[in-house]
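# Coordinate analysis (summary)
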Amino acid sequence: MDFKNYSTQSSSQEVLVCSLTSVEDYLKKLKHRIKDNSSKVLITGDLNSGKSTLINALLQQSILPTDQQPCTQSFCEIIPSEGNQTISKIKAYKSINLNIETDGDEIDQSIMQEELQNEDSAYKWFKLFVSIPKYMNFINTSMVVSFIDSPGLNTDLFKTTSLFNQQQDIDVIVFVINASFHLTLSGREFLQQAAKEKEQIFFVVNKTDEILNLKKCKKIIAKQIRELLPGTFEDAYNLVHFVSSKFYLENSHEVDGDVIPSKSICVNSETHNAKAS
């Protein structure tokens, strides 16, 4: 039924039709997502939480720029591709849209590195087609999984708002927390909004190698997660992880042409379970 063409007489009917139209549009988008064989993983969090370093560690390649200063000023989508080249192609776009269909500008990696760190860049979205490690190879499956690196939530209100509006097109959210700062106000605001769409969210508490009292850190973050996302807290063993992406990236080695993590990457060997009492 097309609710948009349904004539109404009273204000209450108008409100009802408006609500039904909204639900109808939402269900159409969900149907599209179910049929789509691509899956988008958003990696987000505050600035300097180590989002780009986490993606580099997952890829075992230093592709995205990292620094103590905010590096990522635009969204950067990592898409698996075949071939021997680390990066086979980079496309740059001037709008923030998860479903970009128009052709963007093809650029090289050096320009991308500059534009990603340029606050005044005209480019808002980058697509990197990257050869990924064998241990996380999704190419041979029917599902195409891409990772989206986002600017720090507390650096640009417009970008953050635009991100909120497209959450229904994102299948998985990985929220990265700087272990030194725990959950900030901007992080809480994002998670409250995200919880309306996602019952469970992955948490990566990064930079644990900089923490002296990890047990205390776990207790504080566990309490924050329990208050905001009880569903995530209940399955914290699988959804909340304490890591050092930098340590992981620096302590890997190559075997038969494929980079794999070293056995010594676990700088903190105690359980990942965030339900520390």
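Residues numbered from 1 in each chain as written. Predicted model: local features only at pLDDT ≥ 70, side-chain atom pairs only at ≥ 80, totals over all residues. Heavy atoms only, no water.

### Things to note about a nonpolar patch on the surface
A cluster of nonpolar side chains, namely Val23, Tyr26, Leu27 and Leu30, defines an oily patch on the protein surface of about 330 Å² accessible area. Secondary-structure assignment places Leu30 in helix α1 (residues 11–35). (Patch = residues over 30% accessible without salt bridge, like charges linked within 9 Å, V, L, I, M, F, W, Y side chains within 5 Å. Areas by Shrake-Rupley, 256 points an atom, 1.4 Å probe, with all protein chains shown as cover. Salt bridge = Lys/Arg side-chain N within 4 Å of Asp/Glu carboxyl O. Helix = DSSP H or I, 4+ residues; strand = E, 2+ residues; numbered from the N terminus.)

### Let's talk about the confidence of the model for the chain
Summing up the model confidence of the chain, the mean pLDDT is 77 and the portion of residues at 70 or higher is 73%. The spread of mean pLDDT over the elements of the chain runs between strand β11 (residues 258–261), the lowest at 46, and strand β8 (residues 202–206), the highest at 94. A low-confidence stretch, residues 255–277 (pLDDT under 50), is modelled with 57 contacts involving residues beyond four sequence positions or located in other chains. (pLDDT = per-residue confidence, 0-100. Contact = heavy atoms within 4.5 Å.)

### Points about the nonpolar core
Residues Phe175, Phe190, Leu191, Ile201, Phe203 and Cys217 are the most contacted members of the largest nonpolar core, which totals 31 residues. At the level of secondary structure, the elements contributing two or more residues to this core comprise β7 (172–178), α5 (185–194), β8, α6 (214–228) and β9 (240–242). Core analysis: the next-biggest nonpolar cluster, separate from the first, contains 25 residues, Ile107, Leu116, Val145 and Val174 among them. (Core = buried A, V, L, I, M, F, W, Y, C linked by side-chain atoms within 4.5 Å. Buried < 20%, exposed > 50% of the residue type's maximum accessible area, 1.4 Å probe, protein only.)

### A closer look at the packing of aromatic side chains
Within this structure, the stated rule accounts for four aromatic pairs. Seen in terms of ring centroids, Phe175 and Phe203 are 5.8 Å apart; in terms of plane orientation they differ by 55 degrees. Their pairing is tilted. Here Phe175, found in strand β7, pairs with Phe203, found in strand β8; they are 28 residues apart in sequence, far enough to count as distant. Of the aromatic side chains, those joined through ring pairs into one cluster are Phe175, Phe190 and Phe203. (Phe/Tyr/Trp six-rings, centres within 6.5 Å; stacked < 30°, edge-to-face > 60°.)

### A word on helix α3 (residues 109–116)
Among the residues making up α3, those that are buried are Met112, Glu115 and Leu116. Along the long axis of α3, the arc covered by the buried residues comes to 95 degrees, so they all point the same way. Considering only its buried residues, α3 is in contact with β2 (75–80), β3 (87–93) and β5 (125–130). (Arc of directions from axis to C-beta.)

### Looking at the pairing of β3
Judged by how many residues are buried, β3 sits mostly within the fold: five of seven residues are covered. As paired elements, β3 and β5 share six bridges and run antiparallel to each other. Among the inter-strand pairings, Ile87 is bridged to a residue of β5, identified as Val130. In this structure, β3 lies alongside strand β4 (residues 105–106), joined through two bridges in antiparallel fashion. Its bridge partner lying in β4, Lys91 is registered against Glu106. (Pairing = 2+ DSSP bridges.)

### Considerations on the packing of α5 against α6
At a closest axis distance of 10 Å, the pairing of α5 and α6 adopts a crossing angle of 35 degrees. Handedness of the crossing formed by α5 with α6: right-handed. Facing α5, whose interface residues are Arg188, Leu191 and Gln192, α6 presents Gln224, Glu227 and Leu228. Of the residues in the contact of α5 with α6, the class split is two nonpolar, two polar and two charged. (Axes fitted to C-alpha atoms, helices over the stretch in contact; angles between N-to-C directions. Left-handed = near helix turned anticlockwise from the far one by under 90°. Nonpolar A, V, L, I, M, F, W, Y, C, P; charged D, E, K, R; others polar.)

### So, unusual backbone geometry
With a phi close to 60 degrees, His182 is a non-glycine residue in the positive phi region. As for its position among the elements, His182 is in the loop between β7 and α5. Its identity is not glycine, yet Lys207 carries a phi of approximately 65 degrees, on the positive side. Mapped onto the secondary structure, Lys207 falls in the loop between β8 and α6. Using a relative accessible area of 14% as the deciding quantity, one classes Lys207 as buried.

### Considering helix α2 (residues 51–59)
Within α2, eight of the nine residues are buried, leaving the element largely enclosed by the surrounding structure. When α2 is considered as a whole, its buried residues turn out to be Lys51, Ser52, Thr53, Leu54, Ile55, Asn56, Ala57 and Leu59. Along its buried surface, α2 packs onto β1 (38–45), β2, β6 (144–149), β7, β8 and α9 (245–250). Directly after α2, the chain includes Gln60, whose backbone phi takes a positive value near 55 degrees.

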